Amino acid sequence: MRVFLRCLSLALVAVVAGTATSGHAESDRLPSTSLGVTTGIVAGAGPSAKPLGFGFALGFAAAVQPMRSDQRLGWSVRWSSLFQYQNILSNATAARISGDVRLYQADVVFRGRFAPTERSGTYLTAGVGVSLLRANQPVPPDSQRVWAGGLVTLGVDKYVWSGFLLSLDARFGLIGNGPTTFATLLTVGYGL
């Protein structure tokens, strides 16, 4: 109970501090880094649609995104680590050894950021990157368990209450090698 009360006290102090801040100067820095948790829906695409089926992903992400509030164009580099559980929402034909296909994906994505309006805290993003993917069992079309390839993303970043960053991304990969997936991911991060 004491731990709960301490956490509640800290949360209230954070709320008061966040609402008591005054307006931003014209060139205030936005949080240049963020750490967050990621969740979403993942589906096999193309030849990987039936072998992987539909599933969900859980993971975490870290990003570097140096920008000021008066900038309209910027960049970011995001690293993410995802644990994907296929065959949860539909049948994955590649699930021959165990009841589901579990994938681990680690990637680095370079993203461009564009603010459609001045000082809105909303950014449209587009990115390209490289990804490593590992499966718990062989997956068609090449019946391997480890791959590396490219990926592309499109998304929206939105700064909300006191440094929190919400990111919604659509991503397509692996490109050029391994099973192909399409994912819609939501990341809730905190800017540091």
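You'll find the structure just up there.
If you're wondering where the values come from, they're calculated on a predicted model, not measured in any experiment.

What counts as what
- Residues numbered from 1 in each chain as written.
- Predicted model: local features only at pLDDT ≥ 70, side-chain atom pairs only at ≥ 80, totals over all residues.
- Heavy atoms only, no water.
- Core = buried A, V, L, I, M, F, W, Y, C linked by side-chain atoms within 4.5 Å.
- Buried < 20%, exposed > 50% of the residue type's maximum accessible area, 1.4 Å probe, protein only.
- Helix = DSSP H or I, 4+ residues; strand = E, 2+ residues; numbered from the N terminus.
- Polar contact = N/O pair within 3.5 Å; in protein donor to acceptor, adjacent residues only side chain to side chain.
- Contact = heavy atoms within 4.5 Å.
- Pairing = 2+ DSSP bridges.
- Axes fitted to C-alpha atoms, helices over the stretch in contact; angles between N-to-C directions.
- Phe/Tyr/Trp six-rings, centres within 6.5 Å; stacked < 30°, edge-to-face > 60°.
- Lys NZ or Arg CZ within 6 Å of the ring centre and 35° of its normal.

Visitor: Can you lay out the nonpolar core for me, pointing to particular residues and giving the numbers?
Guide: One finds Leu 52, Val 101, Leu 103, Leu 133, Ala 135, Val 139, Trp 147 and Leu 174 forming the largest nonpolar core, which totals eight residues. Of all the secondary-structure elements, those providing two or more residues to this core are strand 4 (101–114) and strand 5 (122–139). Top element by residues in this core is strand 5. It accounts for three residues. Listed in part, the six residues of the second largest apolar core include Met 67, Ala 115, Tyr 159 and Leu 165.

Visitor: Would you mind going over the side chain of Thr 187 in detail, with residue names and values included?
Guide: Along the chain, the position of Thr 187 falls in strand 8 (residues 181–191). Within the structure, Thr 187 has its side chain in polar contact with the side chain of Thr 38 (distance 2.9 Å). With sequence-adjacent residues up to four places away left out, Thr 187 is seen in contact with Gly 36, Val 37, Thr 38, Ala 61, Arg 78, Leu 165, Leu 166 and Ser 167.

Visitor: Talk me through the sheet that holds strand 1 (residues 33–44); I want residue IDs and the actual numbers.
Guide: Sheet strands associate in pairs through backbone hydrogen bonding, adopting either a parallel or an antiparallel arrangement. With respect to topology, eight strands assemble into a closed barrel ordered 1-2-3-4-5-6-7-8, the strand pairing being antiparallel. Put simply, the sheet's adjacent strands are angled 25 degrees from each other on average, direction ignored.

Visitor: Before we move on, can you summarise the packing of aromatic side chains with the specific residues and values?
Guide: Across all of its chains, the model carries seven aromatic pairs by this definition. Measuring from ring centre to ring centre gives 6.2 Å for Trp 75 and Phe 110, while their planes differ by 20 degrees; the resulting arrangement is stacked. Here Phe 110 lies in strand 4 and Trp 75 lies in strand 3 (residues 73–86), a separation of 35 residues in the sequence. The partly exposed category is assigned to Trp 75, whose relative accessible area is 37%. For Phe 110, a relative accessible area of 46% gives the class partly exposed. Positioned above the aromatic ring of Tyr 123 is the side chain of Arg 113, whose terminal nitrogen or guanidinium carbon lies 4.5 Å from the ring centre.

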